[in-house]
Amino acid sequence: MDKAPNAAQAEFWNAGAVCSWVDLHADLDRQFAPLSDQALAALRPAPGQRLLDVGCGCGANTVELAGRVGPQGAAVGVDISAPMLARARELAGERGAVNASFVEADAQIADLSAGGAPFDGVFSRFGVMFFDDPVAAFANIRRHMRKGATLAFICWRRPDENPVMLAPYRAALDAFPVKPPKTDPLAPGPFAFADARRIDSILGEAGFSAIDIRPHDQKVGGLPFEKALAQALRIGPLAGLLREQPEVADAARQRVAEALRRHETPDGVWLDAAVWVVSARA
Ligand SMILES: C[S@@+](CC[C@H](N)C(=O)[O-])C[C@H]1O[C@@H](n2cnc3c(N)ncnc32)[C@H](O)[C@@H]1O
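In what follows, the accompanying structure is described. (Residues numbered from 1 in each chain as written. Predicted model: local features only at pLDDT ≥ 70, side-chain atom pairs only at ≥ 80, totals over all residues. Heavy atoms only, no water.)

### Side note on the site of the ligand
Part 1 of the argument: Around the ligand sit 18 residues, and of these G55, D79, D106, A107 and R125 come closest.
Part 2 of the argument: A distance of 2.8 Å separates a nitrogen atom of the ligand from a polar atom in the side chain of D106.
Part 3 of the argument: Backbone polar atom of A107 to a nitrogen atom of the ligand: 3.0 Å apart, as the coordinates give it.
Part 4 of the argument: Taking 600 Å² as the accessible area of the ligand by itself, protein coverage stands at 95%.
Part 5 of the argument: Class assignment of the residues belonging to the shell around the ligand gives a composition of 10 nonpolar, five polar and three charged. (Near = heavy atom within 4 Å. Polar contact = N/O pair within 3.5 Å; in protein donor to acceptor, adjacent residues only side chain to side chain. Areas by Shrake-Rupley, 256 points an atom, 1.4 Å probe, with all protein chains shown as cover. Nonpolar A, V, L, I, M, F, W, Y, C, P; charged D, E, K, R; others polar.)

Okay, structure coming up:
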């Protein structure tokens, strides 16, 4: 029998490694806030709207959206990761966001509006590059949007434009005796939407119009050196390699530290980030 859609991603985002994302989310939220702001500006949330946050993770953006739409509106976060959603629910409680709610479901196939009114807008920060059938996923998302509603998200551009994601990994690679296999750049993963023409074609095929894709470049970070180093070792592709080959952890750590030192300023460590800010109409 065929596997369920997105089975590999569901396994990844529910595995023990996700603890790192949950532990580090407050720092990540602070670092990525200037990037999320780009998608929020494109979405232009208004009081009373009902909004969806796709791949909401630990929920910071869902809570922010809930604040923007106010008590007459609502924000729903959807994600396939139970541990991240547990933190998201906690965060909404801590911030008193009673109009934020969370659904554990695959955005590619789920009944996202669950019989309720269609969404007035859909947002995502780095949560839409993991679908094994992106056209089906975006068509499903569009089906649950009001006609003319705005979709706005950010996704990573190419790896070589994103030291924030890849500099520690590249610096450490020499230390690992077993090199990772080459991966398909279009496979579900953080860089699956690096090509703007691909995004345009996926959204067009999924039935969206007025597709706008523009680049945004920004240094992100600001963590003190030791925290930046700890974060670099705990998330992303480097963390995966370290789990598989822990015997070279010291050598890898030293190389990453040297690389990050080159980006240290009196205000912490800052690395270049390059994203697409995408918007479209349902
Ligand atoms: C890189 S994280 C981003 C999380 C959050 N938006 C943020 O910026 O902190 C990607 C998120 O997408 C979720 N995700 C991946 N595939 C999904 C799917 N098919 N349906 C819903 N969520 C999915 C993951 O579980 C994960 O929480």
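### Quick word on the packing of aromatic side chains
Part 1 of the argument: Taken as a whole and assessed by the stated rule, the structure comprises 11 aromatic pairs.
Part 2 of the argument: Directly above the aromatic system of W276 lies the positively charged group of R157, at a separation of 5.2 Å from the ring centroid.
Part 3 of the argument: Positioned above the aromatic ring of F225 is the side chain of R261, whose terminal nitrogen or guanidinium carbon lies 3.6 Å from the ring centre. (Phe/Tyr/Trp six-rings, centres within 6.5 Å; stacked < 30°, edge-to-face > 60°. Lys NZ or Arg CZ within 6 Å of the ring centre and 35° of its normal.)

### Notes on the packing of helix α2 (residues 18–43) against helix α4 (residues 82–94)
Describing two packed helices takes the angle between their axes plus the distance from one axis to the other.
Part 1 of the argument: For the pair α2 and α4, interaxial distance at closest approach is 9 Å and the crossing angle is 20 degrees. Regarding the angle of α2 to α4, the classification is roughly parallel. The chirality of how α2 crosses α4 is right-handed. The segment α2 lies against α4, with V18, W21, V22 and H25 engaging P83, M84, R87 and L91. (Axes fitted to C-alpha atoms, helices over the stretch in contact; angles between N-to-C directions. Helix = DSSP H or I, 4+ residues; strand = E, 2+ residues; numbered from the N terminus. Parallel < 35°, antiparallel > 145°, perpendicular 65-115°, else oblique. Left-handed = near helix turned anticlockwise from the far one by under 90°. Contact = heavy atoms within 4.5 Å.)

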